[in-house]
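# Observations on the model geometry
Take a look at the letters that make up each chain.
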Amino acid sequence: MSKILVTGGLGFIGSHTVVELQNEGFEVVIIDDLSNTTIDVLDKIISITDKKPLFEKLDLKDKPSIQQFFMKHKDIEGVIHFAASKAVGESVEKPLKYYHNNISTLIYLLEEMTANKVNNFIFSSSCTVYGQADTMPITESAPFKTAESPYGNTKQIGEEIISDASKVSNLNAIALRYFNPIGAHKTTKIGELPIGVPQNLIPYVTQTAAGMRKELSVFGGDYPTPDGTAVRDYIHVVDLAKAHTVAMKRLLKGDNKSNFEVFNIGTGKGSSVLEVIKAFEKATNKKLNYKIVERREGDITEAYADTTYAQSELKWKAELSLEDALASAWNWQETLK
Ligand code: WQD
């Protein structure tokens, strides 16, 4: 079966994608610099699938090491690229770190793929490229808005780089625009490992329920939404991981309709912060302490995906519910004691 390189493969979405690739019979090579994860995630992946992925600790900012990698692994048939910095707030404080880590590495990777005739490429993009879209649900044809952060800008620039490169090479690329990935594998062996104070909603919710945080601050109760709190499309990370295996198969079979395709990967359902809290309490039978405070700078009111294109072209749709995802996030949190 085809050998696939997964960069950032020990990260939150990367590790879940490695598991699903192995479940589909792919051979997997992981590159990770371990800057935002730990090596024991590798053993956890093996304990889930009983299959050992190859692993190379490598910093994609070091171009010679990518060249050596492709000389060592000559039979790579596709690349799924997760490795990037992803903290929105940090990107505002350290823009050059984000442009260097997210853009330079993408360029080096694409250069070495082209040089080694590795043409199938899946890029980890984000609904953040849309900013506050004018129409809900959001389709792939919605325009890019001015990025709210350097992080969001690196996703917009990344897609443009890939699109331009695919026009002058044999690159066949797919960008998957994730909405809000949440949850953990049903074995609770892998999940989201937030380092420090969680910036994202669900890790903060589970840490509050675990008594690690006093209470959740709900950022804004005055949005123009039914209950005043902001709306997002929360997708189970396992559904998201499966979208990657489906997309890679599409490229390997040559079923792609153009050399650069983009797909929105969400559930198609919007949930407000208060709805998430209620669903969490129902799914876990835990009471959550929270208070509504002022809005967070840079947040948008609502975003949820139109998933018809992914359903029609990828034959993929999310199968797991918000409650499934929240219950899995809580089960994972309980293992982190
Ligand atoms: C979700 C909602 C907050 C924390 C960002 C990136 C996106 C992706 C996911 C990387 C918002 C509210 C949050 C809290 C809260 N990043 N919230 N209290 O901002 O939609 O998306 O993270 O891949 O690209 O843009 O996700 O989880 O931070 O926030 O009320 O303590 O929860 O205001 O409405 P976001 P989030």
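All values derive from a computational prediction rather than experimental measurement.

What counts and what doesn't
- Residues numbered from 1 in each chain as written.
- Predicted model: local features only at pLDDT ≥ 70, side-chain atom pairs only at ≥ 80, totals over all residues.
- Heavy atoms only, no water.
- Near = heavy atom within 4 Å.
- Polar contact = N/O pair within 3.5 Å; in protein donor to acceptor, adjacent residues only side chain to side chain.
- Areas by Shrake-Rupley, 256 points an atom, 1.4 Å probe, with all protein chains shown as cover.
- Helix = DSSP H or I, 4+ residues; strand = E, 2+ residues; numbered from the N terminus.
- Core = buried A, V, L, I, M, F, W, Y, C linked by side-chain atoms within 4.5 Å.
- Buried < 20%, exposed > 50% of the residue type's maximum accessible area, 1.4 Å probe, protein only.
- Pairing = 2+ DSSP bridges.
- UniProt positions renumbered as here; feature names shortened; annotations may be inferred.
- Axes fitted to C-alpha atoms, helices over the stretch in contact; angles between N-to-C directions.
- Parallel < 35°, antiparallel > 145°, perpendicular 65-115°, else oblique.
- Left-handed = near helix turned anticlockwise from the far one by under 90°.
- Contact = heavy atoms within 4.5 Å.
- Nonpolar A, V, L, I, M, F, W, Y, C, P; charged D, E, K, R; others polar.

Within the structure, the ligand sits among 19 residues, and Leu201, Ser217, Arg232, Arg296 and Asp299 are positioned closest to it. Between serine 126 and the ligand, the recorded distance is 2.9 Å, taken from a side-chain N or O atom to an oxygen atom. Within the side chain of asparagine 180, an N or O atom sits 3.0 Å from an oxygen atom of the ligand. Protein contacts shield 90% of the accessible area of the ligand, which totals 690 Å² for the unbound molecule. Ranked by the residues each element gives to the shell around the ligand, the list is headed by strand E8 (residues 216-219), at four residues.

Let's shift gears to the nonpolar core. If you look at the biggest cluster of nonpolar residues, it comprises 36 residues, and the most contacted ones within it are Ile122, Leu176, Ile265 and Trp316. Per-element tally for this core: the top contributor is helix H8 (residues 237-252), with seven residues. Within the second largest apolar cluster, 23 residues are counted, among which are Ile31, Leu106, Ile162 and Ala175.

Below, the discussion takes up the pairing of strand E11 (residues 260-265). Here E11 lies mainly inside the structure; six of its six residues are buried. Going residue by residue along E11, you find Phe260, Val262 and Asn264 tucked away on one face and Glu261, Phe263 and Ile265 tucked away on the opposite face as well. Summarising the sheet, strand E6 (residues 172-178) and E11 pair through six bridges and their orientation is parallel. The residue bridging leucine 176 from the neighbouring strand is phenylalanine 263, located in E11.

Following the UniProt record, the feature "domain: NAD(P)-binding" (unreviewed entry) maps to residues 5-326 here. In residues 5-326, the share of helix is 39% and the share of strand is 18%. The end C-alpha atoms are 30 Å apart.

Attention now moves to the packing of helix H5 (residues 95-115) against helix H6 (residues 150-167). Running from amino to carboxyl end, H5 crosses H6 at an angle of 20 degrees, the nearest separation of the two axes being 9 Å. Taken together, H5 and H6 sit at an angle that is classed as roughly parallel. Taken as a pair, H5 and H6 cross one another with a handedness that is right-handed. On H6, the residues that touch Pro95, Tyr98, Tyr99, Asn102, Ile103, Leu106, Ile107 and Leu110 of H5 are Pro150, Tyr151, Asn153, Thr154, Ile157, Gly158, Ile161 and Ile162. Looking at the contact of H5 with H6 residue by residue, the class counts come to twelve nonpolar, four polar and no charged.

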